[in-house]
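Letter by letter, the chains look like this.
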Amino acid sequence: MTRATVQVVVVMGVCGAGKSRVAADLAQALGGAFVEADSFHSEASKQRMQRGEALTDADRLPWLLRVAQAAQDARSTGPEPVVVACSALKRNYRDLLRGELGEVLFVHLTGTLALIRERLEQRQGHFVGEALLDSQLATLEPLERDEAGMTVDVSNPVRTIVQAVMDVLPGGDPAATHGAAGQVL
């Protein structure tokens with residue numbers, strides 16, 4: 001997998017992992033577009049999550065399709081990869097995104113429960129809070145070996161995470177781009 005074949009990078013993980021920040025900084029470093037998946041939730045879904053209610057697969061399907069369409073639209077504007085901040089918690093969600101978008105590199109942000117809880121406690125003005133963390137952790141299916149991706153610890157500085165992804169994209173080292181085997185940091 002090379003930068004030329006990667007059309008979309010999805011920064012994934014549970015709430016509070018830092019997906020939006022990492023994805024925005026990565027998009028800027030790549031000179032590509034940034035898509036914030038949270039912007040494509042329905043109002044009803046946002047209200048449910050704000051109340052601490054987890055979404056169902058039926059809730060997530062139309063949302064994922066809207067996210068994929070936004071990424072396709074953004075991809076049509078230039079040659080650089082589009083970077084998407086999206087939880088992509090389950091394998092079937094990632095399969096759907098791959099099916100809609102083609103070559104996708106997943107960057108799974110992980111961290112200790114204490115660190116992620118601390119981040120969520122400090123979060124202000126977002127409809128997803130700490131009340132959803134346990135359900136997201138229960139839903140999370142880590143990347144599998146056959147999925148193009150890497151796992152990155154969010155205790156690293158954002159610039160370090162972005163650089164780790166940048167290092168994988170141009171070289172196309174297959175050993176560094178597959179699930180748990182691709183754990184870089």
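For the structure, check the block above.
Since we're looking at a predicted model, the values are computed, not measured.

Cut-offs applied
Residues numbered from 1 in each chain as written. Predicted model: local features only at pLDDT ≥ 70, side-chain atom pairs only at ≥ 80, totals over all residues. Heavy atoms only, no water. Helix = DSSP H or I, 4+ residues; strand = E, 2+ residues; numbered from the N terminus. Buried < 20%, exposed > 50% of the residue type's maximum accessible area, 1.4 Å probe, protein only. Contact = heavy atoms within 4.5 Å. Areas by Shrake-Rupley, 256 points an atom, 1.4 Å probe, with all protein chains shown as cover. Pairing = 2+ DSSP bridges. Axes fitted to C-alpha atoms, helices over the stretch in contact; angles between N-to-C directions. Core = buried A, V, L, I, M, F, W, Y, C linked by side-chain atoms within 4.5 Å. Expected span 1.5 Å × (residues − 1). Arc of directions from axis to C-beta. Left-handed = near helix turned anticlockwise from the far one by under 90°. Nonpolar A, V, L, I, M, F, W, Y, C, P; charged D, E, K, R; others polar.

Colleague: Got a minute to help me understand the overall build of the chain in this structure?
Modeller: When helices and strands are counted, the chain shows 7 helices and 5 strands. When the helices and strands of the chain are listed from N to C terminus, the series reads β-α-β-α-α-β-α-β-α-α-β-α. Burial status across the chain gives 45% buried among its 185 residues. Contacts in the chain between residues far apart in sequence, at least 24 positions, make up 78% of those at least 6 positions apart. On the chain, roughly 8400 Å² of surface is accessible, and the fraction owed to carbon and sulfur atoms is 50%.

Colleague: Can you help me understand the sheet that holds strand E5 (residues 149–153) in this one?
Modeller: Two strands in a sheet stick together by hydrogen bonds in their backbones, pointing the same way (parallel) or opposite ways (antiparallel). Spatial strand order, E2-E3-E1-E4-E5: 5 strands in an open sheet with parallel pairing. Among the strands making up the open sheet, the edge pair consists of strand E2 (34–36) and E5. Averaged over all pairs of adjacent strands, the angle between their axes in this sheet comes to 20 degrees, without regard to strand direction. In the sheet, strand E1 (residues 8–12) pairs with strand E4 (residues 104–110) via 5 bridges, with the strands oriented parallel.

Colleague: How should the nonpolar core be read in this particular structure?
Modeller: One recurring pattern in soluble globular proteins is that nonpolar side chains are buried together. In this structure, Val9, Val11, Leu26, Val83, Val107 and Leu109 are the most contacted members of the largest nonpolar core, which totals 24 residues. Those elements that provide at least two residues to this core are E1, helix H1 (19–30), strand E3 (82–85), E4, E5 and helix H7 (158–171). Residues contacting Leu109, with those up to four places away along its chain left out, are Val11, Met12, Gly13, Ala17, Gly18, Lys19, Val22, Val152, Val154 and Ile161. Listed in part, the 23 residues of the second largest apolar core include Val35, Trp63, Leu101 and Leu143.

Colleague: Even after reading the chapter, I still don't get helix H3 (residues 57–75), so can you show me in this structure?
Modeller: At 3.6 residues per turn, the α-helix brings residues three or four places apart onto the same side. Here H3 is 19 residues long and its end C-alpha atoms lie 26 Å apart, about the 27 Å a rise of 1.5 Å per residue gives. Listed in full, the buried residues belonging to H3 are Arg60, Trp63, Leu64, Val67, Ala68, Ala70, Ala71 and Ala74. Within H3, the buried residues cover an arc of 160 degrees as seen down the axis, which keeps them to one side. On its buried face, H3 is in contact with E2, E3 and helix H4 (91–101).

Colleague: So what exactly am I meant to see when it comes to unusual backbone geometry here?
Modeller: Of all residues except glycine, most have a negative phi; of all peptide bonds, most are trans. For Ala88, which is not glycine, the phi dihedral falls at a positive 45 degrees. Assignment of secondary structure puts Ala88 in the loop between E3 and H4.

Colleague: Explain H1 to me, please; I cannot follow it from the model alone.
Modeller: With 12 residues, H1 extends 16 Å between its outermost C-alpha atoms, agreeing within 8% with the 16 Å of an ideal straight helix rising 1.5 Å per residue. Positive backbone phi, approximately 75 degrees, marks Gly31, located one or two places after H1.

Colleague: Could you clarify how one ought to interpret the packing of H3 against H4 in this entry?
Modeller: Where H3 meets H4, the closest approach of the two axes is 10 Å, and the angle between their N-to-C directions is 30 degrees. Crossing of H3 over H4 shows right-handed handedness. When H3 is examined against H4, the residues Asp57, Arg60, Leu61, Leu64, Leu65, Ala68, Ala71, Gln72 and Arg75 are found in contact with a partner set consisting of Asn92, Tyr93, Leu96, Leu97, Glu100 and Leu101. Grouping the amino acids of the contact of H3 with H4 by side-chain chemistry returns 9 nonpolar, 2 polar and 4 charged.

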